[in-house]
Amino acid sequence: MTKERKGKFHPEHIRNVMRRRYYLDLSSDYRDSLVLAGTGRSGTTWISEVINYRNEYRLMDEPDRNGRIEAFAHFNAIQYIRPDDDNPAYLEPLALALSGRLRNDWADRFNTRIVSTKRLVKFIRASLYLKWLVNHFPGLRVVLLMRHPCAVCLSQSRLDWEIDLHDILLVQPQLMEDFLEPFRDQIAAADTLFEKRLWMWCVENYIALAQLEPGDVHLAFYESFCEEPTKEIERMFNFYGKEWDASIDEAMRKPSNSSKPDSAIVTGKNRVDSWMKHITDDQRQLARRMLRQFGLDAIYSVDSPLPDTEAARAMLARPPQPLPAKAVESISQ
C-alpha cells in the first residue's frame, strides 16, 4: 500500500507546515545534535525516523544542501574538506547547522517537533568531510550508515539521479591531490549513470573509512537493520546514549518519507537482496572490479547482499591503504 497523498489544505498538511516553520529550539550546544550520515538511498531517512520514533528531536535534513541553503551556497554538491582545515568558510555554516541556529524550509521539511532541546541531523553529502567534522566538533556523536553499493546505485539510477563527476570530483583540487589524481581520466570517461554513481559510492565510502579512526563514529549497516534489527538498534542507541522500547518495532516496519511505491518495504519484497534480480552482468562485473580497486570488496561482494561488518570496522583501525596507480578500465570502453 502506498502512502496517501494529502493536499495542501488538508489539516495534517497544514499542521506539518506550521511545525516546520514555527518551533522553538532551546539549545545552541552542538553536542545536543546527533548526526546520521550516509549516501543517498542508503536508508538514512528510514533510520532517522527509527531514531526519532518518539518525536524527541528536531529533525534537520540535509542542512548542507548547497542549492537549497544559502549558508552552504559555496560548498560543492559533495564537499571534500581536509581533516585539519580550519577555514571559517567551512566551520561557520556547519556550526550554524549543528547548533540549531539554522532555520530553513528545506532542512526543516520533515520536522514535527514544536519545542526541542536536542536535534537529529541527517547528512547524505558529508562523507568526504566526516573526519573533519569529528575533529572540529569534539564530542559530536556521528553514525555512518552503509548499504550495499549495488543496491544504492541501482536505486539512484532508477530515480534518474543524474550526476556530473567533473563538477563534483574533478573540480576539487585538494580531493584530487589527496586521493583521485591517478584516476582523473577514468573518472572523466565514466559513461552510464550506474557507473558514475558507483564511482561516487566508492570514493565517498573509501575516503570516510580511510580517514576515520575507531571511536570517531559508529558504523551501522542497512542490511543489519533488516536482518538483525534488535541488535543493530541496540548498538546504535548505546552509542547515542538513547533508551528504547518495544514501540520502536512499528517504526521499523513503516515506510520512510523517501520510500518509493516500488521499494521493497512498500511492496513487501526482501529489502536486502531485491537488487540482485535487477543488476546486469556488465554492472556486476564493473562493481566487482571497482570494489576490489578500493579495497571495499572486503566489505561488500557482488555475489552476496550482506556486508562483512568486521572488515569494515577493521578499516578504521589501520592506516589508509595505498590505492593502485591506475583505475580499472570503464566497461563502456
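Throughout what follows, the structure given in this document is the object of discussion. Just so we're clear, the structure is a prediction, and the values are computed from it rather than from any experiment.

### Here's the deal with the overall build of the protein chain
Part 1: For the protein chain, the helix and strand inventory stands at 15 helices and seven strands.
Part 2: Counting all 333 residues of the protein chain, 54% fall into the buried class.
Part 3: Restricting the contact set of the protein chain to residue pairs at least 6 apart, pairs at least 24 apart contribute 80%.
Part 4: Only carbon and sulfur atoms are counted for the fraction: they give 48% of the accessible area of the protein chain, which is about 15200 Å².

### Observations concerning the packing of helix H2 (residues 44-51) against helix H11 (residues 229-240)
Part 1: One can describe the packing of H2 onto H11 by two numbers: an axis separation of 12 Å at closest approach and a directional angle of 65 degrees. Accordingly, the angle class assigned to the pair H2 and H11 is roughly perpendicular. Viewed along their axes, H2 and H11 form a crossing whose handedness is right-handed. The segment H2 lies against H11, with Ile-47, Val-50 and Ile-51 engaging Ile-233, Met-236, Phe-237 and Tyr-240.
Part 2: In the contact of H2 with H11, the residues fall into seven nonpolar, no polar and no charged.

### Digging into the sheet that holds strand E6 (residues 141-146)
Part 1: Read across the open sheet, the five strands follow the order E3-E5-E2-E6-E7; overall the sheet is parallel. In the strand order of this sheet, the two ends are held by strand E3 (58-61) and strand E7 (218-221), each with one partner. Sheet twist, expressed as the average angle between the axes of neighbouring strands with direction ignored, equals 20 degrees.
Part 2: Relative to strand E5 (residues 119-123), strand E2 (residues 33-37) runs parallel, the two sharing five bridges. Each residue of the ladder has a partner; that of Leu-36, found in E5, is Lys-122.
Part 3: Strand contacts of helix H3 (residues 88-98): E2, E3 and E5, with the helix running at about 135 degrees to E5, the strand carrying the most contacts.

### Structural notes on the packing of helix H9 (residues 193-211) against helix H14 (residues 281-294)
Part 1: Their axes nearest at 11 Å, the elements H9 and H14 cross at an angle of 25 degrees. Relative to H14, H9 is oriented roughly parallel. Here the hand of the crossing between H9 and H14 comes out right-handed. Taking contact as the criterion, the partners of Phe-194, Glu-195, Leu-198, Trp-199, Trp-201, Cys-202, Val-203 and Tyr-206 in H9 are, on H14, Gln-283, Leu-286, Ala-287, Met-290, Leu-291, Gln-293 and Phe-294.
Part 2: Of the residues assigned to the contact of H9 with H14, the class counts are twelve nonpolar, two polar and one charged.

### Quick notes on the state of the cysteines
Part 1: This model, assessed by the stated rule, comprises zero disulfides.
Part 2: Cys-153 provides the cysteine sulfur closest to Cys-150, a residue in no disulfide bond, and the two sulfurs are 7.0 Å apart.
Part 3: On the accessibility criterion, Cys-150 (0% relative accessible area) is buried.
Part 4: For Cys-153, a relative accessible area of 0% translates into the label buried.

### Looking at the packing of aromatic side chains
Part 1: Summed over all chains, the structure comprises 16 aromatic pairs.
Part 2: Geometrically, the ring pair formed by Trp-46 and Phe-225 is edge-to-face, given 6.5 Å between the ring centres and 70 degrees between the ring planes. Of this pair, Trp-46 sits in helix H2 while Phe-225 sits in helix H10 (residues 222-227), placing them 179 residues apart in sequence.
Part 3: Judged by relative accessible area, Trp-46 falls into the buried class, the value being 6%.
Part 4: Residue class for Phe-225 comes out buried when judged on its relative accessible area of 1%.
Part 5: Note on Trp-132 and Phe-137: the rings are 6.1 Å apart at their centroids and 70 degrees apart in plane angle, and the pair reads as edge-to-face. Each member of the pair, Trp-132 as well as Phe-137, is classed as buried.
Part 6: Ring pairing ties together the aromatic residues Tyr-30, Phe-72, Phe-75, Tyr-90, Tyr-129, Trp-132 and Phe-137, which thus form one cluster.
Part 7: The ring of Trp-106 carries Arg-109 above its face, with NZ or CZ at 3.6 Å from the centroid.

### Here's the deal with the pattern of salt bridges
Part 1: All chains considered together, the criterion is met by 22 salt bridges.
Part 2: Of the charged contacts, one joins Arg-65 and Glu-62 as a salt bridge, the two residues approaching to 3.2 Å between their closest N and O atoms.
Part 3: For Arg-65, a relative accessible area of 22% translates into the label partly exposed.
Part 4: Here Glu-62 makes a salt bridge to Arg-109, at a shortest N to O gap of 3.6 Å. With a gap of 47 residues between them, Glu-62 in the loop between E3 and H3 and Arg-109 in the loop between H3 and strand E4 (115-116) connect regions that are remote in the sequence.
Part 5: Taken together, the shared-partner salt bridges in this structure form one network comprising Asp-61, Glu-62, Arg-65, Arg-109, Lys-122 and Arg-125.

### Examining the nonpolar core
Part 1: In terms of nonpolar packing, the biggest core is built from 80 residues, with Leu-133 and Leu-296 touching the most fellow members.
Part 2: Considering each element in turn, this core owes the most residues, 13 residues, to H9.
Part 3: Those residues in contact with Leu-133 that sit more than four places away from it in its chain are Leu-94, Leu-98, Leu-140 and Val-142.
Part 4: Counting 22 residues, the second-largest nonpolar core is a separate cluster that includes Tyr-53, Ile-233, Tyr-240 and Ala-251.

Definitions and cut-offs
- Residues numbered from 1 in each chain as written.
- Predicted model: local features only at pLDDT ≥ 70, side-chain atom pairs only at ≥ 80, totals over all residues.
- Heavy atoms only, no water.
- Helix = DSSP H or I, 4+ residues; strand = E, 2+ residues; numbered from the N terminus.
- Buried < 20%, exposed > 50% of the residue type's maximum accessible area, 1.4 Å probe, protein only.
- Contact = heavy atoms within 4.5 Å.
- Areas by Shrake-Rupley, 256 points an atom, 1.4 Å probe, with all protein chains shown as cover.
- Axes fitted to C-alpha atoms, helices over the stretch in contact; angles between N-to-C directions.
- Parallel < 35°, antiparallel > 145°, perpendicular 65-115°, else oblique.
- Left-handed = near helix turned anticlockwise from the far one by under 90°.
- Nonpolar A, V, L, I, M, F, W, Y, C, P; charged D, E, K, R; others polar.
- Pairing = 2+ DSSP bridges.
- Disulfide = S-S within 2.5 Å.
- Phe/Tyr/Trp six-rings, centres within 6.5 Å; stacked < 30°, edge-to-face > 60°.
- Lys NZ or Arg CZ within 6 Å of the ring centre and 35° of its normal.
- Salt bridge = Lys/Arg side-chain N within 4 Å of Asp/Glu carboxyl O.
- Core = buried A, V, L, I, M, F, W, Y, C linked by side-chain atoms within 4.5 Å.

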